[in-house]
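Examination of the molecular architecture
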Amino acid sequence: MLILAIAGVAGAQAQNETEQAFINGFIEGLDQELAALNEAGMIYDDTNLEGKNIICSIILDEAQFGGMSMIAAFQMIGVDEETFGEMMRKEMFSQNLGADERAGLQMLKDYGYKIYFRIIGSPSGEEMNCLVDYEAVLE
């Protein structure tokens with residue numbers, strides 16, 4: 001019985017190491033892609049893990065809103081967290097996915113990870129956490 005328990009722990013540890021290596025590689029690739037998005041008023045900060053949530057942080061300069069906070073400015077144009085997440089999904093997956101990309105997203109889904117864009121207004125510090133429904137592109 002003890003041998004089975006030890007074998008189970010070793011198997012789980014090997015899966016955890018495989019999962020962690022995959023997630024680290026996914027984040028590294030995402031980090032490189034997003035670093036190229038910097039433009040006036042929007043700066044990519046970093047990507048990190050919070051549990052099984054992959055958080056891509058972007059700082060948004062609120063000076064471009066004429067003294068209005070980020071959330072107030074977005075509300076004026078009808079953009080909320082869900083709408084922004086949908087816009088980012090369309091932007092990220094606007095081109096057809098190759099087999100490798102599909103397989104990677106499927107693994108991400110199988111491991112139970114979600115992708116969020118955290119938009120942080122500067123100087124207000126307001127945050128919007130926008131879920132990117134990448135799973136929709138797998139259907």
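Structure: see above.
Residues numbered from 1 in each chain as written. Predicted model: local features only at pLDDT ≥ 70, side-chain atom pairs only at ≥ 80, totals over all residues. Heavy atoms only, no water.

**A few points about the packing of aromatic side chains**
In total, this model carries 4 aromatic pairs according to the counting rule given. Ring geometry for F22 versus Y111: centroids 5.8 Å apart, planes at 50°, classification tilted. In this pair, F22 is assigned in helix α1 (residues 2-35) and Y111 in helix α4 (residues 99-111), connecting sequence segments 89 residues apart. Its relative accessible area of 17% is what places F22 among the buried residues. Each member of the aromatic cluster is reached from another via a ring pair, and the members are F22, F26 and Y111. (Phe/Tyr/Trp six-rings, centres within 6.5 Å; stacked < 30°, edge-to-face > 60°. Helix = DSSP H or I, 4+ residues; strand = E, 2+ residues; numbered from the N terminus. Buried < 20%, exposed > 50% of the residue type's maximum accessible area, 1.4 Å probe, protein only.)

**Some thoughts on the environment of L60**
By the secondary structure assignment, L60 is in strand β2 (residues 53-61). Residue L60 is classed as buried on the basis of its relative accessible area, which comes to 6%. Put simply, L60 and M70 are 10 residues apart on the chain and 7.7 Å apart in space, counted from C-alpha to C-alpha. Apart from residues lying up to four places away in sequence, L60 is in contact with G41, M42, F65, M70, F74, I119, I120, G121 and S122. (Contact = heavy atoms within 4.5 Å.)

**Remarks on the sheet that holds β2**
Whether parallel or antiparallel, the strands of a sheet pair through hydrogen bonds between backbone atoms. The mixed open sheet is built from 4 strands, whose spatial order is β1-β2-β3-β4. The sheet is open, and its two edges are formed by β1 (42-50) and β4 (127-132), each paired on a single side. Strand-to-strand twist of the sheet, defined as the mean angle between neighbouring strand axes without regard to direction, takes the value 25°. As judged from the 8 bridges shared by β1 and β2, these two strands associate in the antiparallel manner. Paired with D46 across the bridge in β2 is S57. The sheet contacts of helix α3 (residues 81-92) involve β3 (114-122) and β4, and relative to β4 the element is tilted by about 50°. (Pairing = 2+ DSSP bridges. Axes fitted to C-alpha atoms, helices over the stretch in contact; angles between N-to-C directions.)

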